[in-house]
Amino acid sequence: KMNIVKVNDYIVQFEFIEDEKQPTYITNITALVDEKRAFIIDTGYYHHAGELKKFLDAKGIKAEIVAFSHFHPDHIYGGKEFRGSKFIGRRHYKRNVEYFRDSHPENEFVIPEILVDEKYDIQFGTHEISFIHMPGHSECTIITIIDEKIVYVADLVLNTTEGKTIIPYVCEGGSFQEHIESLNKIMDLNCDIMLLAHGHYIKGNE
């Protein structure tokens, strides 16, 4: 099931709940829509991205840029649905891609053509977007800052469907200490809205 959550006039989160009887957390695909163009953050699994692609196609919206916040299956497996888009990801993506390719050889991976080192900036329509390396959950994590007001924190903060926060959640290749350091850096950004990969977005600086 895909729930559509309008964050503001141009950002929409598409929420996917795997099991409505026992929901633990939702998987989000985030889209910044500028007229008939879209900037996508993370792609979920194949079936998530496929459902979103049909929705966008029906509205005549083309996904021009896709950013992977990090290279775990629930963020990248849907990438193939958006082939033809420009893909952005952290420079150190290979470790996770090779790990999951070995364990799930049937899956098709999209390799990013734009590689983020510590920081990378783009302009998308009237919006300024920055990608910043923020390790902790995984070494290859980047956060996305939109117009200096909105931050997509990937899995550095996770909420259950009941709003319970799950941090830190450190995976292989991640670091507890780096996770804490990244959370402190995010706090210092003073953004108005925090977008999560799992869980409802959080509004208000406090």
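Anyway, here's the lowdown on the structure attached to this text. Please read all numbers here as calculations on a predicted model, not as lab measurements.

### Observations regarding the overall build of the chain
A count of helices and strands for the chain gives four helices and 15 strands. Relative to its length of 206 residues, the chain is compact, with a C-alpha radius of gyration of 16 Å against a globular reference of 17 Å. Dimensions of the chain, computed from the C-alpha atoms along their principal axes, are close to 45 × 40 × 40 Å. Expressed as a percentage of the 206 residues in the chain, the buried residues total 51%. Pairs at least 24 residues apart make up 58% of the contacts formed inside the chain by residues separated by at least 6 positions. For the chain, the exposed surface amounts to about 10,000 Å²; the carbon and sulfur share of it is 49%. Across the chain, 22 positive and 33 negative side-chain charges occur, with their mean positions spaced 5 Å apart.

### Describing the layout of surface pockets
Estimates place the volume of the largest pocket at around 400 Å³. Secondary-structure elements contributing two or more residues to the lining of the largest pocket are helix 4 (176-188) and strand 14 (193-195). Ranked by residues supplied to the lining of the largest pocket, first place goes to helix 4 with three residues. Along the lines of polarity and charge, the residues of the lining of the largest pocket split into ten nonpolar, four polar and two charged.

### Quick notes on helix 1 (residues 46-58)
Taking 1.5 Å of rise per residue, the 13 residues of helix 1 would be expected to cover 18 Å, and the 18 Å separating its terminal C-alpha atoms lies within 8% of that figure. Among the residues making up helix 1, those that are buried are His48, Ala49, Gly50, Leu52 and Leu56.

### As for the sheet that holds strand 5 (residues 62-67)
One open sheet holds the seven strands; their spatial order is 1-2-3-4-5-6-7, and the pairing between them is mixed. Of all the strands in the sheet, the pair left with one neighbour each is strand 1 (2-6) and strand 7 (114-116). Pairwise comparison of adjacent strand axes, ignoring direction, gives a mean angle of 25 degrees for this sheet. With five bridges joining them, strand 1 and strand 2 (residues 11-16) adopt antiparallel strand pairing. Bridge pairing in strand 2 places Met2 opposite Phe16.

### Some words on the sheet that holds strand 10 (residues 142-146)
The strand order 8-9-10-11-14-15 describes an open sheet built from six strands, whose pairing is mixed. Each end of this open sheet is capped by a strand with a single partner; those strands are strand 8 (119-124) and strand 15 (202-203).

### Regarding the nonpolar core
With 26 residues, the main nonpolar core has Phe14, Ile40, Leu52, Phe68, Phe71 and Phe82 as its most contacted residues. For this core, the secondary structure elements donating two or more residues are strand 2, strand 3 (27-34), strand 4 (37-41), helix 1, strand 5 and helix 3 (94-103). Among all residues touching Phe14, those that are not within four sequence positions of it are Met2, Asn3, Ile4, Thr27, Asn28, Ile29, Ala31, Leu52 and Phe55. By size, the runner-up hydrophobic cluster in this structure holds 23 residues, among which are Ile11, Ile41, Ala67 and Ile129.

### Here's the deal with the pattern of salt bridges
Evaluation of the coordinates by the stated rule reveals seven salt bridges. Between Lys53 and Asp57 there is a salt bridge, with the nearest N and O atoms lying 3.0 Å from each other. Of the two residues, Lys53 and Asp57 are both situated in helix 1; the distance of four residues between them amounts to about one turn of the helix. On the basis of relative accessibility, which here comes to 26%, the residue Lys53 falls in the partly exposed class. For Arg90, the salt bridge identified is with Asp117, shortest N-O distance 3.5 Å. Here Arg90 is found in strand 6 (residues 86-90), whereas its partner Asp117 is found in the loop between strand 7 and strand 8, with 27 residues between them in sequence.

Calculation criteria
Residues numbered from 1 in each chain as written. Predicted model: local features only at pLDDT ≥ 70, side-chain atom pairs only at ≥ 80, totals over all residues. Heavy atoms only, no water. Helix = DSSP H or I, 4+ residues; strand = E, 2+ residues; numbered from the N terminus. Rg over C-alpha atoms; globule rule 2.2 N^0.38 Å. Buried < 20%, exposed > 50% of the residue type's maximum accessible area, 1.4 Å probe, protein only. Contact = heavy atoms within 4.5 Å. Areas by Shrake-Rupley, 256 points an atom, 1.4 Å probe, with all protein chains shown as cover. Lys, Arg positive; Asp, Glu negative; His and termini not counted. Charge placed at Lys NZ, Arg CZ, Asp CG, Glu CD. 1 Å grid on protein atoms, 1.4 Å probe; cavity = no way out; pocket = protein on both sides within 12 Å on 5 of 7 lines; lining within 4 Å. Points joined across faces, edges and corners; volume = space filled by probe spheres on them. Nonpolar A, V, L, I, M, F, W, Y, C, P; charged D, E, K, R; others polar. Expected span 1.5 Å × (residues − 1). Pairing = 2+ DSSP bridges. Axes fitted to C-alpha atoms, helices over the stretch in contact; angles between N-to-C directions. Core = buried A, V, L, I, M, F, W, Y, C linked by side-chain atoms within 4.5 Å. Salt bridge = Lys/Arg side-chain N within 4 Å of Asp/Glu carboxyl O.

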